[in-house]
Amino acid sequence: MIKNVLGGLAAVLLTLALIVVARTLMVSYDLMEVDAVERHAFDADRATERLSEGLTYRTISHEAPEDFEAAEFEALLEFLERAYPRIYSELEFERVGDYTKLYRWEGSDPDLKPGMLIGHYDVVPVEPGTEQEWTHPPFSGTVAEGFVWGRGALDDKAGVLSSMEAVEYLLETGFTPQRTLYLAAHHDEEVGGFDGAARVSELLEERGVELEFLVDEGLPVAEEVLEGLETPIAMVGMAEKGFLNLELSIIRDGGHSSMPPQRTTIGDLSTAIHRVKDNPMPGRFDDLIKTTFEPLAPQLPFLYRMGLANLWLFRPLIERQLSTIPHTNAALRTTAAPTIIEGGIKANVLPAKARAIVNLRIHPDDDIEAVEAHVRSVINNDEIQVRRTPPSREPSVVSDTDTRPFQDLRRSIKEVFPGVPVAPSIFIATSDARHFRNLTDNIYRFRAIRARPEDQSRIHGTDERIGVENYLEMVQFQIRFIKNSTS
Ligand SMILES: [Zn+2]
């Protein structure tokens, strides 16, 4: 009898294993193969020199407006005019806000909706006291050891200048777009973009412009993402998370700490924070994160591939695994982080009031309303007041992959980075693109920057730099994308 049961169990397990392996081997992936294209012969030295000079302007966005150095912004705008003479003689341009520049390259077909490339040339300050830690001074634009060094090399002067380089080159070669193309170089992204991007967006809306697509800074060509994955991955941000700050507060009679009651304000507040942490919003595996992994599958080690091909069986396991890593967890769900806690003024007095702020980053499948309701319900304590504190913002729509602009973007990436999978992903940070939701749903957040995990700390940190060869790839990419998307 026992033998029969075991035999039956073995047969079931064997069948299951066969199904799992068969599905792994049979699944086919939609991999776009593109023909090799010749590299465009723009002047590489000149492009590198111009990036180097661009990094010498101290176009810093400070938190305190009185620290703003207008002369540096003026100097950078003058530099652009000197560096890109064809753009300034053949395109329309205007100043928007205080120091933002908007360019319009008229296409030959007025029936096509315009495309738009945006970026920002303001940078974050160098943290006082860290200047000496830089291998080359942060505003020197030094070209050495195969890199261009300086604040803005990654975020985002290389983005702005590589698009201008591409347009200048295409003008030199006599290219005319069919689709009108806008370019914008914003000056205040690091402090919210309210004078730059927000005004450009308003202005275009007033003029009745609807965009076919918008490309902004965002995710990179990521190298060494997963163990066992040989190729880099070009990640494209298809959506941006929203955010919400909730204040949790509790008021109760205070008293002497020598005779504490069962429950105290600090005790209850701590419990509430714990409950929020221990009961996260559900993971959203079916959407963006799945589309991120699918294009990678053919290159993944067998075990990963087996998991992806058999989500019916392995989904809970994969979700649990992704939830343990901060950046995949952030892509998977709405996250909650307590950022401020206050209560108490004296060591022997029970505080009558305690409060905390929880900062929530909202996944595109959730919204502010649902997140707030979730937090209230997991806290499950009527004495804790839950209140929204501004600012808050809903998550963006998720841009479609099934559109001409996305296919153009994917093609252009593959033309410049052969064999590199393109993975639609979620952008965890925020950028100026959020100001353009009124003009198009096709917003893509991508820079052709090769980034290794250790480069993360260079963005807004010490020793920001970009490889010279990689910068030239960025220019190649911009040329390919402009050609593919406007003709
Ligand atoms: Zn940036």
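1. Remarks on the coordination of the zinc ion
When four donors bind a metal tetrahedrally, each ideal donor-metal-donor angle is 109.5 degrees, and when six bind octahedrally, the ideal angles are 90 or 180 degrees. At the metal site, the zinc ion is ligated by His 120 (NE2), Asp 155 (OD), Glu 217 (OE) and Glu 217 (OE), and these contacts range over 1.9 to 2.5 Å. Taken together, the four donor atoms surrounding the zinc ion define angles of 54 to 148 degrees at the centre, an arrangement classified as irregular. Donor residues binding the zinc ion come from one chain and are separated in sequence as H-x34-D-x61-E. Of the two residues, Asp 155 sits in the loop between strand E5 (147–149) and helix H5 (157–172) while Glu 217 sits in strand E7 (residues 213–222), which places them 62 residues apart along the sequence. On the basis of relative accessible area, Glu 217 is assigned to the buried category, the value being 11%.

2. Some points on the pattern of salt bridges
According to the stated counting rule, one finds 32 salt bridges in the structure shown. Taking the shortest distance from any N to any O, the salt bridge between Glu 172 and Arg 46 comes out at 3.1 Å. Of this pair, Glu 172 sits in helix H5 while Arg 46 sits in helix H2 (residues 44–54), and the two are 126 residues apart along the sequence. The partner of Arg 95 in a salt bridge is Glu 74, and the shortest N-O contact between them spans 2.8 Å. Highlighted residues: Arg 95 in strand E1 (residues 92–96) and Glu 74 in helix H3 (residues 70–83), separated in sequence by 21 residues.

3. Focus on the pairing of strand E8 (residues 233–240)
Counting buried positions along E8 yields eight of eight residues, so the element is predominantly enclosed. One ladder, built from two bridges, connects E7 with E8; its direction is antiparallel. Considered in E8, the bridge of Ala 222 is made with Ile 233. Across six bridges, E8 lies against strand E15 (residues 422–427) in parallel orientation.

4. Re the domain arrangement of the protein
We note that the domain assignment places domain 1 (44–239 + 396–486) and domain 2 (242–393) within the protein. Residue-level contacts link 22 residues of domain 1 with 16 residues of domain 2. In total, domain 1 and domain 2 occlude about 1,600 Å² of area from one another, counting both sides; carbon and sulfur atoms represent 69% of this. Along the contact surface separating domain 1 from domain 2 lie zero salt bridges. Only E8 and E15 provide two or more residues apiece to the side of domain 1 that touches domain 2. Top contributing element to the side of domain 1 that touches domain 2 by residue count: E15, with five residues. Of the residues assigned to the side of domain 1 that touches domain 2, the class counts are 13 nonpolar, six polar and three charged.

5. Focus: the environment of Val 37
Mapped onto the fold, Val 37 is located in the loop between helix H1 (2–26) and H2. By relative accessible area, Val 37 is classed as partly exposed at 26%. Spatially, the C-alpha atom of Val 37 lies 6.2 Å from that of Glu 415, the residues being 378 residues apart in sequence. Setting aside chain neighbours within four positions, we find Val 37 in contact with Glu 415 and Arg 480.

6. Here's the deal with the sheet that holds strand E9 (residues 242–251)
Read from one edge of the open sheet, four strands run E11-E13-E9-E14, paired in antiparallel fashion. Strands at the two margins of the open sheet, each flanked by one partner only, are strand E11 (335–343) and strand E14 (385–393). Averaged over all pairs of adjacent strands, the angle between their axes in this sheet comes to 20 degrees, without regard to strand direction. Both E9 and strand E13 (residues 353–362) contribute to a ladder of ten bridges, which runs antiparallel. Its bridge partner being in E13, Asn 245 is matched across the sheet by Asn 359. Seen against the sheet, helix H7 (residues 265–278) touches E9, E11 and E13 and runs at an angle of roughly 10 degrees to E13. Each of E9, E13 and E14 is contacted by helix H12 (residues 368–379), which is oriented at about 155 degrees to E14, the strand it contacts most.

7. So, the nonpolar core
Residues Leu 80 and Ile 466 are the most contacted members of the largest nonpolar core, which totals 63 residues. If we skip the residues at most four places from it in the chain, Ile 466 touches Leu 51, Gly 146, Phe 147, Val 148, Ala 153, Leu 154, Ala 158, Ile 449, Tyr 471 and Met 474. One finds Leu 244, Ala 272, Val 276 and Val 378 within the second-largest nonpolar core, a separate group that totals 21 residues.

Analysis parameters
Residues numbered from 1 in each chain as written. Predicted model: local features only at pLDDT ≥ 70, side-chain atom pairs only at ≥ 80, totals over all residues. Heavy atoms only, no water. Donors = N, O, S within 2.8 Å, 3.2 Å for Na, K, Ca; no water. Tetrahedral: all angles 85-135°; square planar, octahedral: opposite > 155°, others 65-115°. Helix = DSSP H or I, 4+ residues; strand = E, 2+ residues; numbered from the N terminus. Buried < 20%, exposed > 50% of the residue type's maximum accessible area, 1.4 Å probe, protein only. Salt bridge = Lys/Arg side-chain N within 4 Å of Asp/Glu carboxyl O. Pairing = 2+ DSSP bridges. Domains from an automatic or database assignment. Contact = heavy atoms within 4.5 Å. Buried area = accessible area lost by both parts, 1.4 Å probe. Nonpolar A, V, L, I, M, F, W, Y, C, P; charged D, E, K, R; others polar. Axes fitted to C-alpha atoms, helices over the stretch in contact; angles between N-to-C directions. Core = buried A, V, L, I, M, F, W, Y, C linked by side-chain atoms within 4.5 Å.

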